[in-house]
Amino acid sequence: MKKKVEHGALLQHNGTITCLEFYGTAHLLSGAEDGLICIWNTKRWECLKSIKAHKGQVTSLSIHPSGKLALSVGTDKTLRTWNLVEGRSAFIKNLKQNAHIIKWSPDGERYVTVITNKVDIYKLDTASITGTITTEKRISSLRFITDSVLAIAGDDEIIRFYSCDSQKCLCEFKAHENRIKDIYSFEREGQHVIVTASSDGYIKMWNLDLNKIKDVPSLLCEVSTKARLTCLAVWLDQASEMKENSEKAATSSQANEDEKLSTVKKKKGCLTDKSDKTAERKRKITPKKQKLEVPLQKKKKKRNSSA
């Protein structure tokens, strides 16, 4: 991304790729219309394993924060849990309809499935539905803002924040002039940012105050791509962020050192008693003189003892 150089293409699937998700910087999972889920090593770009995941198409997948589990949904009306350590199926749940989105919460304690305009919230330990959120329009994108707050966008220009616990709408605001196709969120320098892409061709960035979740987010910036956008990916330059953080740390540590030095200098300037003057005189004595003084003192002691 830094050099904007294309690595090449990964040719393993037969049919359109429907979903992609990275885990860390070493692995990538892909799902496609051929019903396969492929696990890729991103260092050597080789396919480590190819799993026949669904009888129909794979519509969405999500990796657990631990990296040990993955969930997938497909056009065979099933929700499947995958053991990524052993690369095998762990659990299959039949759904009444085809789900087109599945997502883990950041803490991995719950997950959600989206079927047309309905969000079902599941608890990990029981694998049962704890609540359902229903919207007027078909849901096109969904994002966990926190472990318990969801940002939902549908086939309209409005973004809504919902509580997973109460399933109530906390806030809604008009973000675009046309339907919103995708949402992304990230936190940087203590600022929570939401990025939205719409069919109107605009990409917008919003500042969200988590302490005032019921308040409408403020618009940070926007850009018109003059294209009909269908999806969105955000690349964060981790290296520059680390550099910024290290520079800040270095600046703050330097400021602390300077403060300590100035404090020490002030203290030294305030000392005027006799002991300090004596110490000052001692510092003025050269090492040679100090060496000479020691044997002279010894000779004096000997004379006194002999007397």
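Structure first, text after, so check above.
Quick summary incoming for the structure in this document.

Conventions we followed
- Residues numbered from 1 in each chain as written.
- Predicted model: local features only at pLDDT ≥ 70, side-chain atom pairs only at ≥ 80, totals over all residues.
- Heavy atoms only, no water.
- Pairing = 2+ DSSP bridges.
- Helix = DSSP H or I, 4+ residues; strand = E, 2+ residues; numbered from the N terminus.
- Axes fitted to C-alpha atoms, helices over the stretch in contact; angles between N-to-C directions.
- Buried < 20%, exposed > 50% of the residue type's maximum accessible area, 1.4 Å probe, protein only.
- Lys, Arg positive; Asp, Glu negative; His and termini not counted.
- Salt bridge = Lys/Arg side-chain N within 4 Å of Asp/Glu carboxyl O.
- Polar contact = N/O pair within 3.5 Å; in protein donor to acceptor, adjacent residues only side chain to side chain.
- Contact = heavy atoms within 4.5 Å.

Quick look at the sheet that holds strand S13 (residues 139–144) now. Reading across the sheet, the 4 strands line up as S13-S14-S15-S16 and stay open at both edges, with antiparallel pairing between neighbours. The two strands at the open ends of the sheet, each matched to only one other strand, are S13 and strand S16 (169–174). Going from strand to strand, the sheet's axes swing by 20° on average, the running direction of each strand aside.

This brings us to the side chain of Asp182. Residue position: Asp182 is located in strand S17 (residues 180–188). Comment: no salt bridge for buried Asp182; closest opposite-charge side chain is Lys103, at 6.8 Å. A distance of 3.0 Å separates a polar side-chain atom of Asp182 from the backbone nitrogen of Leu232. Ignoring anything within four residues of it in the chain, the contact list for Asp182 reads Ser141, Val195, Thr196, Ala197, Cys231 and Leu232.

Once that is clear, we can look at the sheet that holds strand S3 (residues 36–41). Spatial strand order, S1-S2-S3-S4: 4 strands in an open sheet with antiparallel pairing. Taken across any chain shown, the strands that pair with only one partner, and hence form the sheet edges, are strand S1 (17–23) and strand S4 (46–52). Each adjacent strand pair in this sheet contributes to an overall mean axis angle of 20°, direction not counted. Where S1 meets strand S2 (residues 27–32), 6 bridges bridge the pair, whose relative direction is antiparallel. Paired with Tyr23 across the bridge in S2 is His27.

Mapped onto the elements, Val85 comes out in the loop between strand S7 (78–83) and strand S8 (88–94). Residue classification places Val85 among the exposed residues on the basis of a relative accessible area of 63%. Along the chain, Val85 and Lys68 lie 17 residues apart, while their C-alpha atoms are 5.7 Å from each other.

Quick look at the environment of Glu109 now. Here Glu109 is to be found in the loop between strand S9 (101–104) and strand S10 (110–115). Of the residues examined, Glu109 reaches a relative accessible area of 48% and is grouped as partly exposed. Taking the C-alpha atoms as reference, Glu109 lies 8.8 Å from Tyr122; in sequence the two are 13 residues apart. Leave out the neighbours within four places in its chain, and Glu109 touches Lys123 and Leu124.

The next point concerns the side chain of Thr113. With respect to the helices and strands, the residue Thr113 is situated in strand S10. The class of Thr113 is buried, set by a relative accessible area of 0%.

Turning our attention to unusual backbone geometry. A positive phi angle, close to 60°, is found at Gln167, a residue other than glycine. In this structure, Gln167 sits in the loop between strand S15 (158–163) and S16. Phi at Glu189 takes a positive value of approximately 55°, unusual for a residue other than glycine. Structurally, Glu189 is set in the loop between S17 and strand S18 (191–198).

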